[in-house]
Every structure is written in structure tokens, then in C-alpha cells.
Amino acid sequence: MRRFILLFVLIMLTITCYVAALSARRDVADRNDRPQWLTNPQSRYPQGMYLVAIGEGDNRSRAEADAASNIARIFETRVETEQLVRERYAEIVSEQDFTYESFTEIDRRVNLSATQTLYNIQYAESYTDERGRVYVLAYIDRHRTADIYMDMIANHNRTIVSFLNRAADSDNNLHRFAYKSAASVISSTNETLLDQLQIIAPDYKAMIQLDYDHNELLLETRKLANNLRFRIELENDQNNRIHSMLAGLLTGHGFVVDDNGEIIIKGDVMIEDIDLPRQEKFVRWHLNLRMQDQSGSNVLTHSQRGREGHLSQSEAVARAYRAMDNEITKDFNRKLFSFFDNLVK
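These numbers come from a predicted model, not from an experiment. (Residues numbered from 1 in each chain as written. Predicted model: local features only at pLDDT ≥ 70, side-chain atom pairs only at ≥ 80, totals over all residues. Heavy atoms only, no water.)

Draft legend 1. Main features of unusual backbone geometry. Of note in this structure, Asn-236 is not a glycine but carries a positive phi near 60°. In this fold, Asn-236 is placed in the loop between strand E6 (229-235) and helix H10 (241-252). Assessed through its relative accessible area of 57%, Asn-236 is described here as exposed. Residues other than glycine seldom take positive phi values, yet Asn-240 does so here, at roughly 55°. By the element assignment, Asn-240 lies in the loop between E6 and H10. A relative accessible area of 46% places Asn-240 in the partly exposed class. (Helix = DSSP H or I, 4+ residues; strand = E, 2+ residues; numbered from the N terminus. Buried < 20%, exposed > 50% of the residue type's maximum accessible area, 1.4 Å probe, protein only.)

What follows is the structure, given as C-alpha cells:
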């Protein structure tokens, strides 16, 4: 019996050692099969010529997204742009004659977050390990990408100067502000590009000379906003709650709100109870706004409705006002600057 037990133990030890040795051999083989760029990407893409990052994922697309995100981390502490500025920039430049010598490279732009876009990210090497994990190497060619950035910044510079000249030639406060505001948006985008270029190729950035001063442009735009006076006339606005929301939005942009304003925002507010066979209390709300310019022409309309509920009627009403505040802050705000941006097209 003892011999049988001893024999069994020896067999199990032999099997365990064999399995461990086989597993170790596979791990070594897997490591040996891994491409050099996976552990030392600079061996293929020298740091002086490329920005490089490696991503991984369950498939190729996720690995590419992870690699692009890792490249973005090189920039994220320096580069940030407000979402509204990004949206306005896309709308303004869509009407401009922007051409780039390396336009095919621009197709490799990557929107990495709500605050950043990078250009000319390329995906090169890829590797799939024995477990099916995919690895991708992403890179930015410093010099080729710097050429793209130089073209973009130069085009923006020319457009900004054109807008500033048109603002100077106009005697209409609305149009003067619109041109300066549009120039400020493109200038803010240029600031982002310049920050990115400083990381990509600092020697290229040192060669750039702009025909305007970004901070002075922002200050001039703010001063022109002070020349635009708004008047708010709302019906059924209990305790002036919507009036206060609109006034806060407008003054936050530098506009003036008073009873003698030439630009008028008219509208009405409706909140009514809804009788539903439920324990909660519900209200229906409707916000209707329209803006008139100095000539009395309707230049902007905004209409939104919704429903809110809560255990108490007062909280349901409070939620309705919060929903309207959200509409004013986001959608009405976008429409307001879309109106201004359309004046420069």
C-alpha cells in the first residue's frame, strides 16, 4: 500500500513538473514571438522623428482607439478647447475656402475627447498574441504633421485678418461683434494648434508669426459685446425666473440687459398640471422664445416642451424650471451664436 501511495505521489509530481515546464516554455516562446516594437517602439520609430503610443484591445478597432487615447495623454495636460468653440469653429470654417497642401493627411484627424482633436495619427504595426489580445502601434510623424499644422495655422491667420478688416469697415454693432467673435473662435482654435505644435515640433512653432494678438482680440470682442443691449419681454414668467436665466446667460457673454435694449427677446412660459392616475405629481411645460434685431425682424426662434414629475407638485415645477434652464444654457445659447456666425458667411 505504501509503495502504491509513493508511486502515485511520484507520478503526480512528474506530471506537475511537466505541465509547469510546458507552460513556462510557452510563455518564453510567446515572449520571443513578440515583436520588438511592442516593448521598444523607439527601435522602429525614433523619438526625435515620431510621437508613438501602443494600444491594446479585444479587436483591432479597440486597440486603435486605445493607442490614440494614449497619444492624447501626451497632450491632455496642455490642450483643451470648449465644446461650443469647437462647434462654432466647425460651422464657420465650413463656409471658408480652406485648402491644405497635405489634405489627404487631414483625413487622419481623431476626435479624442470633448476637448481635443489631433491630426495625422497613423496606425502602423499590429500584433495578436496567442490569447487573441490585439496590440496596435500609433504614431504621429513630427515633421509631416508639423507641415499640416503650419498650413492650418497660416490659413486661420489669413481668415482672422479678413474678419478683423471687415469688422473695422462695418458701422453695424451686430456685424462688428459677429466678425470679431468669429475671429476669436478661429484664434482660439489656432491657440490649440499652436500648443499641440509645441509638443509635436517646437522648432516649427518658433518660426510662426501671426498678424494679430489673441488676448487683445478676446478683449476687443468682449468690449464689442458690451455695445449690444438686449431687452427681455416674457409672458407668464412667474417671479421672473426665465428672465433671470436669460439675463445671466447674456451678461455672461458680456452683453448688456436693460429695459432700453435694441435687441429684444420675446416669449412666453407655460407650466400646467397633468392629471395622471399615478401617485406622483406631473406638470407639462412649454418655453417659447424669439429674438428680434434692431429692425424688428425675427432672427431667432426657440421652442421646447417637456414633462416633469415628482412626489410633490412644487418639486415637479422646480424640475420643469431646471429643464428650461438647461434648454437655455445649451440649445438657445447655440442658436444665439449660430445667428452671429451666420452674419459672417
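Draft legend 2. Just the environment of Arg-60, in detail. Assignment of secondary structure puts Arg-60 in helix H3 (residues 60-75). Sequence separation between Arg-60 and Arg-133 is 73 residues, and the spatial gap between their C-alpha atoms is 9.2 Å. With sequence-adjacent residues up to four places away left out, Arg-60 is seen in contact with Tyr-123, Ala-124, Ser-126, Val-134 and Val-136. (Contact = heavy atoms within 4.5 Å.)

Draft legend 3. A look at the pairing of strand E1 (residues 50-57). Along E1, six of the eight residues are buried, which leaves the element largely enclosed by surrounding structure. Pairing geometry for E1 and strand E5 (residues 134-141), over eight bridges, is antiparallel. In the sheet register, Tyr-50 faces E5, and the bridge partner there is Asp-141. (Pairing = 2+ DSSP bridges.)

Draft legend 4. Up close: the pattern of salt bridges. Per the stated rule, a full pass over the model turns up 16 salt bridges. The closest approach of N and O atoms between Arg-44 and Glu-125, which form a salt bridge, is 2.8 Å. Note that Arg-44 is positioned in the loop between helix H2 (36-39) and E1 and Glu-125 in strand E4 (residues 122-128), a separation of 81 residues in sequence. Classification of Arg-44 as partly exposed rests on a relative accessible area of 47%. Take Glu-125: its relative accessible area is 18%, and that puts it in the buried class. Across the salt bridge formed by Lys-180 and Glu-220, the nearest N and O atoms sit 3.2 Å from each other. Pair noted here: Lys-180 is in helix H7 (residues 173-200) and Glu-220 is in helix H9 (residues 214-225), with a separation of 40 residues, a long-range link. Overall, Lys-180 belongs to the buried group, its relative accessible area being 13%. The exposure class assigned to Glu-220 is partly exposed, which follows from its relative accessible area of 33%. Via salt bridges that share partners, Glu-56, Asp-58, Arg-62 and Arg-133 belong to a single interconnected network. (Salt bridge = Lys/Arg side-chain N within 4 Å of Asp/Glu carboxyl O.)

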